[in-house]
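# A look at the structure
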Amino acid sequence: FNQCCQDVNIVLTPLDVLELARSQNMTTGEFLQKHTLMPITKELQLPMVMLKMRDDEAKRCPFVTEQGCGVYENRPWACRMYPLGMAIPPARAGETPEPVYFVFEDDHCKGRHQTDARQWTPVQWRSDQQIDRRDDLEQGFRDLVSHPWFIGGRQLDPKRIEMFHMAAYDVDRFRRFVFDSTFLDRFDLDDELVEEIRTDDYALLRFA
């Protein structure tokens, strides 16, 4: 297990950050500061959050223990999907492309060498790993990052990148922004929605 979770790059989704933070009894801001990196390149159109690996030779995942994954119930999307990979072909006008699935055949993955292993379809694997539930919670995020505005190569200015990062990943800070600024004066929200985002992390993530 330790070999499988070393020297890899794990990109975190907004839900990954939220659930990992809660599993460590941290705010999202505390988790981002301690456990993540945000690479900055000229080609980066949107802020990206990556899990910070241990500062050792193996660059192991910080949540791996002698007993295995220490955050298994809250493991990231990338860990749930592995060894299944997914790619989405370029969209044509008026079409919604279907994802293409493939399997990573890494030597350190021992499961694929088991002759009595269960056979899985991509649909069965996604269901077993609760991917569909997570994708439903993050549908708005995926719609946003795949918007033609970004696909066309446009980029946000630094101020909007900071706002995007806060709303997508640092939802505790975003909650303070909503309730401690003039946000609710400038936007007309239903009272029920206001109360939901005040107390429900998942409702806040959807809203963000």
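In this report, we go over the structure that sits alongside the text. Just so it is clear, the structure is predicted and the values come from calculations on it, not from any experiment. (Residues numbered from 1 in each chain as written. Predicted model: local features only at pLDDT ≥ 70, side-chain atom pairs only at ≥ 80, totals over all residues. Heavy atoms only, no water.)

## Let's talk about the sheet that holds strand β1 (residues 11–12)
The strand order across the open sheet formed by 3 strands is β1-β3-β2, and the pairing between neighbours is antiparallel. Of all the strands in the sheet, the pair left with one neighbour each is β1 and β2 (36–37). (Pairing = 2+ DSSP bridges. Helix = DSSP H or I, 4+ residues; strand = E, 2+ residues; numbered from the N terminus.)

## A look at the nonpolar core
In this structure, Leu12, Val17, Phe31 and Leu51 are the most contacted members of the largest nonpolar core, which totals 21 residues. Mapped onto this core, the elements with two or more residues apiece are α1 (14–23), α2 (28–35), β3 (49–51) and α8 (158–168). When residues of this core are assigned to their parent elements, the largest contribution, 3 residues, is made by α1. Excluding anything up to four places from it in sequence, Leu12 contacts Val17, Leu20, Phe31, Thr36, Val49, Met50, Leu51, Pro76 and Tyr169. Judged by nonpolar contacts, the second largest core, of 14 residues, contains Leu18, Met166, Ala167 and Leu189. (Core = buried A, V, L, I, M, F, W, Y, C linked by side-chain atoms within 4.5 Å. Buried < 20%, exposed > 50% of the residue type's maximum accessible area, 1.4 Å probe, protein only. Contact = heavy atoms within 4.5 Å.)

## Points about the environment of Ile88
By secondary structure assignment, the location of Ile88 is in the loop between β6 (84–87) and β7 (100–103). Taking the C-alpha atoms as reference, Ile88 lies 8.9 Å from Tyr101; in sequence the two are 13 residues apart.

## Looking at the pattern of salt bridges
Taken as a whole and judged by the stated rule, the model has 15 salt bridges. Close ionic contact of Arg134 with Asp16 constitutes a salt bridge, the shortest N to O distance being 2.3 Å. Taken together, the positions of Arg134 in helix α5 (residues 131–137) and Asp16 in helix α1 put the pair 118 residues apart, joining distant regions of the chain. With relative accessibility at 0%, the residue Arg134 sits in the buried group. Between Arg175 and Asp201 there is a salt bridge, with its nearest N and O atoms 3.2 Å apart. Placement of Arg175 in helix α9 (residues 171–180) and of Asp201 in helix α12 (residues 201–207) is noted, with a sequence separation of 26 residues between them. For the residue pair Arg175 and Asp201, the accessibility class agrees, reading buried in each case. One salt-bridge network, in which partners are shared between bridges, spans Asp16, Glu19, Arg133 and Arg134. (Salt bridge = Lys/Arg side-chain N within 4 Å of Asp/Glu carboxyl O.)

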